[in-house]
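A look at the structure
One letter stands for each residue in the lines below.
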Amino acid sequence: MRGAMRRWGLVCAVALSALAASGYGDVASTVAEVKAQAAEWRPPAEIDWAGVKLAPDERLPNEPLEISSERLRGLLEQINLGYPGLESVKAFYESGDLEAAGLALVEYYRQREWAEIISEDVSGIGANYAMAELVMQDIYEQHGNYGLQPRQENGLLDWADRGPRDDPEWSWWINRMGYLIPVTAMWEQTGDPRYAKFAGENIADWVRANPYPGGRSFSSAWRPLEVARRIDRAWLFAFVRLEDSPDFSPSARLLLLSSIPDHADALLNYPSLWGNHLLTEKVMLGLLAIAFPEFKDAGAWLDDSVSTVAGLMEKQVYPDGAYEELTNHYQFTALLSFQRYLELLVASGKTKYIERVKPGVERMWDYFAYAMRPDGHGPLNNDSDLINNRRELQRALKWFEHPDWEYLASAGVSGQEPEGFKSRYYPWAGHAIMRDGWTGDAQWAFFDIGPYGSDHHHNDRLHLSVSFGRKDFLVDTGRYNYLPGATRDYFTGPMGHNTIMLDRLAPLPGPSKVGTPMEVVAEIGEGEDVFSASVQFPAQPLKGQGPRTHRRTVRYLRGEAWIVEDEVIAFGPTTVEARWLFHPDRMVEQDDDGLVTVDAEGANLRMVLVSDKPWAVDLLRGQTEPFEAGWYSPSFNKRFPATQAIFSTQLTAPATFYWIIAPVDANWDQLLDRFREGLRLAP
């Protein structure tokens, strides 16, 4: 078996050497070739670890160190040589034998016990043959885009290069070095020494190419978020899991260790100023303190980390459990940071700090659980990707006694069905979740009537999303990417959301963050819910228009329909546009009363417009000119054409119009009769 594994490694090495000799050739063809290899690759059933993994009684090779004596001395001076287990390191250092002290330090860390959470794969990537083989050729991938990272004249990688699309996100991602997780995992699955050797050489390359600036930096290498991510999602994973590989060189390990104080200083003294970045950075500072207590300043790192993280919990998390950025994606990002911090405190025995963060973590999980859509995903609000809240909620069950969460996480297979009303309103977030059950075919809607969010926000207050019958119908746009321009404006503005625009203008932005819940109507009852809020539009004096208002009221008749009342208070000629974005899989047609989806299978939606005004309707899909319309992005850097209906009419005075939204097979005669008999929504 070992011979077969070695032969496979030789075949790959020959293929990669040929590509390298030809200057890597065309990136696309190289990627295609490696992906073809990946399709055929299978991990060996057995691995003979002799020679590629050291036994506990074996030592790393005593090879000359490729690290300057100045750098090595600086590292040893940062370490408390009186720490238990470092006796030989101290003896060699005091005798002036720096190289022997360095090798003894490496051996100490190799033999040391590590808490499992220190080297946890938080990325979930695991072993990935194609990614590992490509990065060993300097070909990197981000969200489906591949590029050859150039090298400098000195042979070191150009870590500042912004990739094939000249995108700062590319260089940030490269400097996070998350690809070391699949590289390391491939070594664990195969024993192929190439992977361990590359990990060491890549880390050494980074350290040599990126000296610490010693102050606040916005470079791709030393921006504080990248400092934190590099520790969390690359270096510790490789350092711990490759500890017994003789091909993960002592020099690479010492270079990594020598950079730990620099990383800690950047996170301690020059972090981001706010938001989930600051949180992530301070959590990772605590991780460094707990992972490397041998460093003299580890106590100061931990004190600052605990103080800051606890303060951020109080400052950034609303009493209803929503994270201040008000996006499901960054709710989970922050929640994962807080949860990992809680787990780190427990694993390291720092129990006295636990109660400073645990209650807030519990509130965050509760919000995360009950915002869940019937299919298990969370809302796609603000800058979000689709996240499987149901799957991620499993992590919380190990830490909190919540049979209702277990019920939600298991889709009703175990646990206890939640008590009380099925709908929820989160007053600080201003998020109304309407539903009629907990099963996959339940009705669900998300109505945003709160603040915009402290960061990553969209101008989409009064947006409404609707799902039922195991399908998404009315959807949010998602975030797509962060590149400024017309496309970004579409995804972040009202143009891409299920809202109203007046004269093609966006409403005035509301508060990003609030000290008390905003004044709205929020009533949840046994058979129906009512939610209502308003936005203001700017005056246009040259057109004879003063300030204008749009009030939207949503009444949910539980298990039946949503009735949406849009009241526009405007004087003077005003063009009103009502926009409705459908999921890309929905087939949408216009009928005499509004819109209907006509999917061949499963549930369909009908939307009836009730108004005394004439309306024009455009159904747009995947349009870029003369303006962006009809796009949906479930994950970063990916977008898909989706039908967007734009209703438009002219007003010269205040007007009210209604939308009745329900499954096609609802009792429409009864719904319309109730409406005609005087059902009106304004509280």
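Structure shown above.
Only a predicted model underlies this, so the values are computations on that prediction, with no experimental measurement involved.

This brings us to helix α19 (residues 668-676). W668, L671, L672 and F675 are the residues of α19 that are buried. Seen along its axis, α19 keeps its buried residues to an arc of 90°; they face one direction. Against β11 (548-557), β12 (561-569), β16 (605-610) and β21 (655-663) lie the buried residues of α19.

Counting residues in hydrophobic clusters, the biggest one holds 133 residues, and the most contacted among them are L105, W235, F292 and W365. The dominant element in this core, judged by the number of residues it contributes, is helix α12 (residues 275-291), at 10 residues. Beyond its immediate sequence surroundings of up to four residues, W365 is in contact with F332, L335, Q339, E392, L393, R395, A396, F400 and W405.

Direction vectors running N to C along helix α8 (residues 180-190) and helix α10 (residues 224-241) enclose 20°, while the axes themselves pass 8 Å from each other. When the interaxial angle is binned, α8 and α10 end up roughly parallel. In the packing of α8 onto α10, the handedness of the crossing is left-handed. For the pair formed by α8 and α10, the contact residues are L180, I181, T184, A185, W187 and E188 on the first element and R233, A234, W235, F237, A238 and R241 on the second.

Applying the stated criterion to the full structure yields 34 salt bridges. Ionic pairing is found between D304 and K282, a salt bridge with its closest N-O pair at 2.7 Å. Separated by 22 residues along the polypeptide, D304 in helix α13 (residues 298-316) and K282 in helix α12 bring together distant segments of the chain. Among the residues examined, D304 registers a relative accessible area of 22% and is labelled partly exposed. Residue class for K282 comes out buried when judged on its relative accessible area of 3%. In this structure, D385 engages R479 in a salt bridge whose closest nitrogen and oxygen atoms are separated by 2.7 Å. In this pair, D385 sits in the loop between α15 (358-370) and α16 (389-397) while R479 sits in the loop between β7 (471-474) and α18 (486-492), placing the two residues 94 residues apart along the sequence. Just as D385 is buried, R479 falls in that class too. Connected via shared salt-bridge partners are E107, R110 and D244.

Attention shifts here to the pairing of strand β20 (residues 643-651). Most of β20 is tucked away, with 7 of its 9 residues classed as buried. For strand β13 (residues 574-581) and β20, the ladder comprises 8 bridges, and the chain directions are antiparallel. Across the sheet, residue E577 finds its bridge partner in β20, namely S648. Pairing of strand β17 (residues 616-621) with β20 involves 6 bridges; the strand directions are antiparallel. Paired with L619 across the bridge in β20 is A645.

The rules behind these values
Residues numbered from 1 in each chain as written. Predicted model: local features only at pLDDT ≥ 70, side-chain atom pairs only at ≥ 80, totals over all residues. Heavy atoms only, no water. Buried < 20%, exposed > 50% of the residue type's maximum accessible area, 1.4 Å probe, protein only. Helix = DSSP H or I, 4+ residues; strand = E, 2+ residues; numbered from the N terminus. Arc of directions from axis to C-beta. Contact = heavy atoms within 4.5 Å. Core = buried A, V, L, I, M, F, W, Y, C linked by side-chain atoms within 4.5 Å. Axes fitted to C-alpha atoms, helices over the stretch in contact; angles between N-to-C directions. Parallel < 35°, antiparallel > 145°, perpendicular 65-115°, else oblique. Left-handed = near helix turned anticlockwise from the far one by under 90°. Salt bridge = Lys/Arg side-chain N within 4 Å of Asp/Glu carboxyl O. Pairing = 2+ DSSP bridges.

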